[in-house]
Amino acid sequence: MGIARLVLVGLAVLALVALIVFGALSLFGSLGSDAQTAASPAPSAGTPTAAASPPPSATPERVPTVLVECLREHCPTVFLKVTGGDVLLDRELERGERFQSFDAKVDVVLADSAAVRVQVNGAVRSPGKAGERQEFTVTRD
């Protein structure tokens, strides 16, 4: 009878640990999917895509304060943050992935400035050398 109780207690502990692990993975998965949605290849940062916006005749197209697009298969960490505020993006990107922000002032850090194309207020910023880290602040025109 003593061994049966130990086996039942062991199974209960194992089930509890499995539930905790499953809950943690679900939480991280849901948080990760929000970040991926915000930085998907389609334009993002809380603004509607061009297809969802009104026709061009109704409103002129908004130019993002900063737009970052990955040019290589894998782009090292790209960090965008509203100056004095929230982090918008802090991760590596894949080829073709784009992220844009319409905030008034954005801090940008590029781990490899040659791996991405950056547009500031619609104008393309010249890329740095391969492997060069760049930090700069972009202000809305």
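Throughout what follows, the structure given in this document is the object of discussion. (Residues numbered from 1 in each chain as written. Predicted model: local features only at pLDDT ≥ 70, side-chain atom pairs only at ≥ 80, totals over all residues. Heavy atoms only, no water.)

This part covers the pairing of strand S6 (residues 116-120). The sheet contact formed by strand S1 (residues 66-70) and S6 spans 5 bridges and is antiparallel. Across the sheet, the residue bridging to Glu69 is Arg117, located in S6. Alignment of S6 against strand S7 (residues 123-125), held across 3 bridges, turns out to be antiparallel. Along S7, the bridge assignment pairs Gln119 with Val124. Where S6 folds back onto S7 in an antiparallel hairpin, the turn is made up of 2 residues, including Asn121, whose phi is positive at roughly 50 degrees. (Pairing = 2+ DSSP bridges. Helix = DSSP H or I, 4+ residues; strand = E, 2+ residues; numbered from the N terminus.)

This part is about the pairing of strand S2 (residues 74-82). With 6 bridges connecting them, S2 and strand S3 (residues 87-94) associate as antiparallel partners. Its bridge partner lying in S3, Leu80 is registered against Leu89. Linking S2 back to S3 in an antiparallel pair, the connection comprises 4 residues, with Gly84 at a positive phi of about 75 degrees. Pairing between S2 and strand S5 (residues 105-110): 5 bridges, direction antiparallel.

The strands that make up a sheet are held in pairs by hydrogen bonds between backbone atoms, and each pair lies either parallel or antiparallel. Spatially, S3-S2-S5-S8 is the arrangement adopted by the 4 strands of the open sheet, whose pairing is antiparallel. Each edge of the sheet is formed by a strand with only one pairing partner; in this case those strands are S3 and strand S8 (134-139). If you compare each strand with its neighbour and ignore which way they point, the axes differ by 15 degrees on average. (Axes fitted to C-alpha atoms, helices over the stretch in contact; angles between N-to-C directions.)

All right, on to the sheet that holds S6 then. In space, the 4 strands of this open sheet follow the order S4-S1-S6-S7, with antiparallel pairing throughout. Both edges of this open sheet fall to strand S4 (98-101) and S7, since each of them pairs with a single strand only. Strand after strand, the sheet turns through a mean of 20 degrees between neighbouring axes, direction not considered.

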